[in-house]
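Chain by chain, the residues run as shown.
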Amino acid sequence: QSAQLPAYSCALANCINETKDVSWVEGFGDTPGPYLTEKTWKPLHSGVALIFTGQMHIKSVLEEAGFTFDYPWANDYADIPGDLERLEKIIELIDTVTDLSFEDILSGVKESCEHNKDHLFSHSLKNYIDTVNTKGLQKLEAIIK
């Protein structure tokens, strides 16, 4: 169903605009994350490239889960801890992406996007999620006891 929405069906890349977009909160410090919602999963399911506009480490967490993001632009901005600095790099990145031709973007993101769409429903991802959940439950049980 998400593939029919213009944000995905008429796009090669999507700024994911996660609900939780800051990594540091005054009076609290670094917040847990990254926080992932349908705003990340829909473009992966639809086969479009991601521009990581949420908390730091979204890209690296998804890569640990088996997704790939080999695009014709650098994604190193995604792990910058400073929210304002990361935002500045995202704005620069959008300028870079919009300067690329349609064909360069399409050919540059195609392999990663196809892999990610397939991986979303793979046994490999299911096994990864099961392992992460099991380890999390074990840590929680150890704390509770």
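This text follows the structure it describes.
Residues numbered from 1 in each chain as written. Predicted model: local features only at pLDDT ≥ 70, side-chain atom pairs only at ≥ 80, totals over all residues. Heavy atoms only, no water.

### As for the packing of aromatic side chains
- Across all of its chains, the model carries five aromatic pairs by this definition.
- For the pair W41 and F67, a centre-to-centre distance of 6.2 Å together with 55 degrees between the ring planes defines the contact as tilted. Here W41 is found in helix 2 (residues 38-46), whereas its partner F67 is found in the loop between helix 3 (58-64) and helix 4 (83-99), with 26 residues between them in sequence.
- An angle of 90 degrees between the planes, with centres 5.0 Å apart, marks the rings of F52 and F69 as edge-to-face. Within this pair, whereas F52 is found in the loop between strand 4 (49-51) and helix 3, its partner F69 is found in the loop between helix 3 and helix 4, the two being separated by 17 residues in sequence.
- Overall, the relative accessible area of 1% leaves F52 in the buried class.
- What links up through ring pairs into an aromatic cluster is the set F52, F69, Y71, W73 and Y77. (Phe/Tyr/Trp six-rings, centres within 6.5 Å; stacked < 30°, edge-to-face > 60°. Helix = DSSP H or I, 4+ residues; strand = E, 2+ residues; numbered from the N terminus. Buried < 20%, exposed > 50% of the residue type's maximum accessible area, 1.4 Å probe, protein only.)

### A closer look at the side chain of H119
- Mapping H119 onto the fold places it in helix 5 (residues 102-119).
- Excluding anything up to four places from it in sequence, H119 contacts A65, G66, F67, S124 and L125. (Contact = heavy atoms within 4.5 Å.)

### Observations regarding unusual backbone geometry
- Unlike most non-glycine residues, H57 shows phi in positive territory, near 75 degrees.
- Among the structural elements, H57 can be located in the loop between strand 4 and helix 3.

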